[in-house]
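As a plain string of letters, each chain reads:
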Amino acid sequence: MNKPRVAFFDFASCEGCELQIANLEEEILDLIEIVEVVSFREVMKEHSDDYDIAFVEGSIMRPMDEERLKRIRSNAKILVAFGACATIGGVNKIRNQWQPEEVLRDVYGDVDLKGNKFFDVFKTKAVDEVVKVDYYIYGCPPPRDEIKKVITALVMGKKPEIPNYPVCVECKKNENVCLFELGKFCLGPITRAGCNAICPSNGRACDGCRGILSEPDTKCVEDILKRYNLTYDELKHRFTIFNYRREEER
Amino acid sequence: MKSLSKQDFLKFVNNLIADDFFEVHGVKAKGKRFVFAPLDSADELRLDYDVTILPPKKYFLPQYETLLKYDLSKSTVAVEREEKKRVIIGVHPYDLIALQQMDKVYFDTYVDNFYRQRRENTIIIGSDILTVSERSFAASMNAHTVSSGYDLMVTDIGDTIVIDIGTEKGRDLLEKHAPMVRDAQEKEIKKVEKLRESLPAKYKRSLKIEKESWKKLLEKSYEHPIWKELSEKCLQCSSCTMVCPTCYCFDVRDEVSLSTKEGTRIRTWDGCLLPDFTRIASGEIFRKEKIDRFRHRFYRKGVYIPERYNFVACVGCGRCSIACLPDIADPLSVMNGLVERKTEAGGEIVVEIPETKKEIEEVSYVPRSATIKRIEKLTEFEKLFEIELDDGKPFYYEPGQFVEVSILGVGEAPISISSPPTGGSSFELVVRRVGNVTNKLHELKVNDKIGIRGPFGRGFDAKALEGRNLIFVAGGIGMVPMRSLISFILNDSNRDRYGMITILYGSKTPQEVLFRNEIEEWKKKKEVTVKLTVDKCPDGVCWNGCIGLVTSLFPQVRWRDVENTVAIVIGPPIMYKFVIKCLHTMGVKDENIYVSLERRMKCGIGKCGHCQINGVYVCKEGPVFNYSEIKDLPEAFE
C-alpha cells in the first residue's frame, strides 16, 4: 500500500492543534508507518507541495491567507479542517463584533498600516467559508483519539465518523453530576460530542469548542435559565467564546 | 428473614470487599448526588440515597462494551468476554424491576450472551428505599417495593439491617461472609413491613392514571397537541434515554488502532431522541421530525413494549426528569397531561406485533468467516458478490431475508440476499455503494474474506404463494431481494406451482437496470410478462422500454382473476403509497400485498432498537410484511 502523503498547515491560531500530533509521542512511530508526512512546520524543516491530504489549522483573516489556502486546496486531494479556529472560526471570531479597522486601531494605535499586506485584514472566516472542506476535526484542541480516528479512517479509505450528537450523551455515560445542577451554564446539550465530555467531566462547563449542533428553541432556553436560576448574559458569554458566528447570524 | 446489627452488616460488607473472588460495588456519594461505584470500605456505602445518576444497567449493558477484538492483518477475531464476578449493593426496587424487564428483552428469542454472562456473574443485594427522590413516582408504578429480582434484600431499620434471602446464591454469600447472621425477630420484620407501607405517602408526585391504562390512553392520543408543545422545547440531547433504567438501545462501531493493525468492535448506548438514530447509509432518516422522536420515547414505554412484553417500560425512578434541562421528559407530567386534557386527544394507533419465530436461540456477535468467490459489476453503483461460507455448512434462508455483512475495521451493514435458496453454502449479494462498509466491499477482490451474520428476519413464505397469480413491482434496488423470490419461483422445478407472473420494474435510468440478461431469460418462461420503465433516458442511451414511474406500467397489465392475485412490492420508501394505490384501484386486497421495508437494521436480532416502525422490528418481524400487518402504523409508509 502506498502511504498517503500528508501535510500540516497553520493560519491564525495558536498551533496547539498541531501540537496535539506532536503530543502523540511514541505513537508518532505508528503514524509515520501509515502516512508520509511531507510538510509540518512545527516539527520538521522539510517541505513539499506534493501531498494527498492537507490538515489545515487556523482561521482565515487576510486576502493573503485566502490565496495560500486556495493553493493548498488545489494541491490536496483531501482537505481536513483541523481544530476550532479552522472548523468554526472559534475564538478568532470574537473580533467580528467590531470592524477590522477598529480592531487594528485598538491594537496598533494610529500607525499607518495602509498597503501592508500583513495587516490587510477582513472579518475572520472559518476554512469552509473560503474553500471546500472534505472532513472536519473539531475541538480546541481536537482530542488525540479523534485525530487518530480520522487519520486511520482516511488511510483505510473510510469516511471518518464524527459524532452528530451532543456532549450530554458522553457526559451522561461518564455519570457526571450535571453542571446546571451546580449552577453553571454549560453548552453541552447543544455542542457536538467527540471530546468524551472532557470539560464537564472535570467540573468545567462546556464552551462549545466543537461547534453548535442546533439552536435551541427560545422558549426552551428561557425555561432552562429560569429552572436553574441563570441569566441570559451567562448564555451569551458562553456562546461568544467559540461560536460568535452564530450570534452574528441571529 | 435474617438480620444483622449495623456493625455486623458493615463487617459483612467489608468481608465481601476483602474477598478477591469478586469486585464489590455499591451506592456512594458523588457531590450531592449518588452513583454505583467500587467500594473501598463499607463506610462509603450510602443506603440512605435517593436515586443514583445512572441505573445499575451499566453493569449489564455497559456504556461502552467491547464485543470483538481482531487482528486486521490476520483476519482473526476473538470474543471479548468479561469473566469478572461482581456484587452490587443497594439496588432499589424500581431498578430491580427495570433489570427484570431488561432480562425479558435480552433473553427474548435471540439470547444476548454478553448480557447473560454479566447477569450470571453478578450477585445483587437490593435495598429498600429509605429516602424518596423528589422527582420519583415509583409508588404510582408499584415499583417502590419488590418481592423478587434480588439475591439478597436489605432493609435498614436503624440499628439493625433486616435481610431477605432471594436466591441460593444470596444465601451462600450471606453464610460465607456473615457467619454472625441470625434469624430476624418478629418486631424487626414488623418494622420492615411498616417501612414499606409508609413509603407511598412519602411520594409527593402521583399518577392520575394506572400504569395498566397507559396503553389505552396513548393509543388514542397519537396526534395530541401535547407532543408538539413539548417536543418544541426538546434539545435532542437524549439525556432522558441515557439515564433511563428501561432504555436498552445501542449502536455498534469499529475502532482501529493508529497502526491500523488491531481493531475492536464496540457497542455503546444510543438514544432514540438523537436525529441520527434512524439514519441509514444512504442518508435517509426515518424519524425525521423532533416531534416524531419525542413521541416515540413515550410510545415505546407505554404502547410498543407493553404490546410486545406485557409491561410498561417505566419504573418511575424520576431520573429522566432530573436530567432533562427544559423538564419535558417526565413521564408522570406527560401522562397526567394526557389525562387532564383528554378532550384534546386525537389520532388512533393500533400496534400489533406480527407473529414470528418463537424458538430461543443463543446469538453471537461473531461473524462467520466467508470468502468472495465471484464479483460481477452490474452497474456503476452495484456489484454482485458470490459469497461462500468457509465452514462449508449449508446456508438455509428464505427469499427476502438479509445478512449482516461484516468488514473488520469498518463495520457491519444489512444486505438482502439476492439469490434463490439452494441449500448450498454459497449465496449472492448485490450491493450498492453507499456507505463505509459497502464502499469497502466494492474495493474487495475475489478470494478476499468478509464476515457474515444471519440470515435474519422474516422472508417470503413461498409456499403460501403457491397457486396464485403474482405481480411483482420493483423500484431501483428493490429488485435485489425480489430477484431471490422470482428466481426461486421461475425455477423449472417450482414454476408449475404458481400462476401467471407479471413483473413491473422501474429504474432511474437504463444504465441502472439490474439483471438485464436474466430478465430476458425470465421473459422466455411460460406465462411471464415483464415490463420495464425508467424515470429518464439520457441522450444517446439506447432504451426500448417505457419512460415514466413504475406506476405508469399499471395500465399495461392484463389482470386475470384479481381475487387470486398476490402483489409483491419492493422499492424506495416513496414508492409504496403510489404503487399500493394502483393495486387498490385494480381491486387487490390489502392481505394480498406483500412489501419489504428498509430501515437501520444494526444488530439484526431485535435488540438495538434502530429499525423499529413504531413498535415493530423490521429486522425481526420484517423486512417482509404482509401489507395488512403494518398499513396502519404511522411510521411504516411516508
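> Please explain the interface of chain A and chain B as it appears in this structure.
Quoted interface sizes are often the accessible area lost when the parts come together. Residue-level contacts link 34 residues of chain A with 34 residues of chain B. Every element with two or more residues in the side of chain A that touches chain B is listed here: α2 (28–34), α6 (144–155), α7 (167–173) and α9 (218–227) of chain A. Ranked by residue count, the leading element in the side of chain A that touches chain B is α9(A), at five residues. Across the side of chain A that touches chain B, the residue classes break down as 16 nonpolar, four polar and 14 charged.

> Can you walk me through the nonpolar core in this structure?
For soluble globular proteins, nonpolar side chains are generally found buried alongside one another. Ranked by internal contacts, the top residues of the largest apolar core, which has 206 residues, are B:F472, B:I568 and B:V569. In terms of residues, this core owes the most to one element, helix α13 (residues 479–490) of chain B, which gives eight residues. In contact with B:I568, other than residues within four places in its own chain, are B:L470, B:F472, B:M482, B:L485 and B:Y594. Among the nonpolar cores identified, the runner-up in size contains 42 residues, and A:C17, A:M61, A:A81 and A:V91 belong to it.

> What's the story with α13(B) in this structure? I'm lost.
Think of an α-helix as 3.6 residues a turn; residues three or four steps apart then line up on the same face. Among the 12 residues of α13(B), 12 are classified as buried, and the element is accordingly described as predominantly covered. Within the sequence span of α13(B), burial applies to B:M479, B:V480, B:P481, B:M482, B:R483, B:S484, B:L485, B:I486, B:S487, B:F488, B:I489 and B:L490.

> Can you walk me through the domain arrangement of chain B in this structure?
Residues and elements named next belong to chain B. When the domains of chain B are assigned, the result is domain 1 (2–66 + 74–202), domain 2 (368–401 + 415–456) and domain 3 (462–630). On a C-alpha basis, the centroid separation for the pair domain 2 and domain 3 is 21 Å. Taken together, the 17 residues of domain 2 in the interface contact 19 residues of domain 3. At the level of secondary structure, the elements contributing two or more residues to the side of domain 2 that touches domain 3 comprise β19 (426–432) and β20 (449–456). Considering every element that reaches the side of domain 2 that touches domain 3, the biggest residue donor is β20, with three residues. Here the residues of the side of domain 2 that touches domain 3 sort into seven nonpolar, six polar and four charged.

About the criteria used
- Along each chain, numbering runs from 1 in the same order as the chain's sequence is written.
- Starting at A for chains and at 1 for ligands, labels are handed out in the order in which the entities are written.
- pLDDT decides what is reported in this predicted model: residues at 70 or higher carry local features, side-chain atom pairs at 80 or more are listed and counted, and totals for whole chains, interfaces and linings draw on all residues regardless.
- Once C-beta atoms are placed from the backbone, any two residues with those atoms within 7 Å are in contact.
- Counting from the N terminus, the helices are the DSSP runs of H or I reaching at least four residues and the strands are the DSSP runs of E reaching at least two.
- In this classification, the charged set is Asp, Glu, Lys and Arg, the nonpolar set is Ala, Val, Leu, Ile, Met, Phe, Trp, Tyr, Cys and Pro, and all remaining amino acids, among them Gly, are polar.
- For this analysis, nonpolar core means a set of buried Ala, Val, Leu, Ile, Met, Phe, Trp, Tyr and Cys residues linked through C-beta atoms within 7 Å.
- The exposure label follows from counting other C-beta atoms within 10 Å of a residue's C-beta, where the C-beta atoms are placed from the backbone and the thresholds are 20 or more for buried and 12 or fewer for exposed, leaving partly exposed in between.
- Where each domain begins and ends follows an automated or database-derived domain assignment.

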